[in-house]
Amino acid sequence: MNQLYRLSAFPKTIYGGNKAGVYIYADDLSDDQMQKIAKILGYSETAFVCHSDKADFKVRFFTPTSEVDLCGHATIATFNLLRDLNIVENRYYTQETKAGILMLDIDSDLVFMQQNPPVFSDFIPNQVFDKCFRKIKFHHKYKAQIISTGLREIFLPVSDLDTLNHLEPCYEEIIEVCDKYNVIGIHVFCLDGEVDAYGRNFAPIVGIEEESATGTSNGALACYLFKHHKQKSKYTLRQGYSMNQPSEIIAKIDRTHSQIKNVWVGGKATLIKERTLK
């Protein structure tokens, strides 16, 4: 059986989504070998599926430069693949990650990943981002905030979709801000009338200049919207349009009144090409 697969997670069109590598039966690989594979493959993240004594599977995630605690789009790719290979069925599973043990809800064409309940941290003044993005226009009401549902990120609202699409990122300055605030990246977003929000995700501090679909970020973004904008049980979020890789992510929130109990992020994944590691 092939062990290394290439998939596109969250595709809105045939050219959309975010590419991820998935390596199954990875228990015999060393950390260095995993890192080398992720670097050679060159996607923003590659997932390595291993045996777990604590959950149904253990999944580790590597960018081309380092290991990260969790990756949403690679998780969605992983469990859509495992279902299509008849390794898992349509039911709940658990995965052990460095962000904790998380639930997966698998059905015939979608996978939803549970994220940790949100941790809302500091608001950040707009002027911090003046050097990070040229042509930026900030939202008149909502402010940037650090939120974590497994990974700490800054969520930065801008005025409109045109502003979002024409942002010019300055990666060195983004790295400085991420280092200062101990976050993995900046998720810039705008509200929209057709769907709940459009976003762009920048994480050069871990080797990802921009990503076309970011599962963990959109789960946390749904929490931001729930807390500050509109309380709903389901959010439709789009990303990757400025990269010509249209992506659509669904986030679901389980709540008790105004309290968020669970966050789920999900979508489809399509196989690009099977590849055997030699």
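Each remark here, short or long, concerns the structure printed above.
Enquirer: I'd like a description of the side chain of Thr149, backed by residues and values.
Expert: Structurally, Thr149 can be placed in the loop between β11 (144-148) and β12 (152-157). One polar contact links Thr149 to Gln115, side chain to side chain, over a distance of 2.4 Å. Once residues within four sequence positions are removed from consideration, Thr149 is found in contact with Gln115, Asn116, Pro117, Pro118, Thr216, Ala220 and Cys223.

Enquirer: Lay out the nonpolar core with the relevant residues and their values.
Expert: Side chains of a nonpolar character, in soluble globular proteins, are inclined to be buried together. Within the largest apolar cluster, 38 residues are counted, with the highest numbers of intra-cluster contacts made by Phe57, Phe61 and Phe79. Broken down by secondary-structure element, the contributors of at least two residues to this core are β1 (4-9), β2 (18-23), β3 (46-50), β4 (57-62), α2 (72-84), β7 (100-106) and β8 (111-115). The residues contacting Phe61, other than those within four sequence positions of it, are Thr46, Ala47, Ser66, Glu67, Val68, Asp69, Leu70, Cys71, Ala74, Thr75, Gln95 and Thr97. Ranked by size, the runner-up nonpolar core spans 23 residues in total, among them Phe129, Cys132, Ala144 and Val195.

Enquirer: So what about the pairing of β2? Which residues, and what values?
Expert: Among the six residues that make up β2, five are buried, leaving the element largely enclosed by the rest of the structure. Alignment of β1 against β2, held across six bridges, turns out to be antiparallel. Residue pairing for β2: Leu7 is matched across the bridge by Ala20. In this structure, β2 lies alongside β3, joined through three bridges in parallel fashion. Following the sheet pairing, Val22 is matched in β3 by Ala47. As a crossover connection, the stretch from β2 through helix α1 (residues 31-41) into β3 is right-handed.

The rules behind each value
- Residues numbered from 1 in each chain as written.
- Predicted model: local features only at pLDDT ≥ 70, side-chain atom pairs only at ≥ 80, totals over all residues.
- Heavy atoms only, no water.
- Helix = DSSP H or I, 4+ residues; strand = E, 2+ residues; numbered from the N terminus.
- Polar contact = N/O pair within 3.5 Å; in protein donor to acceptor, adjacent residues only side chain to side chain.
- Contact = heavy atoms within 4.5 Å.
- Core = buried A, V, L, I, M, F, W, Y, C linked by side-chain atoms within 4.5 Å.
- Buried < 20%, exposed > 50% of the residue type's maximum accessible area, 1.4 Å probe, protein only.
- Pairing = 2+ DSSP bridges.
- Right-handed = clockwise from strand over helix to strand, strands pointing away.

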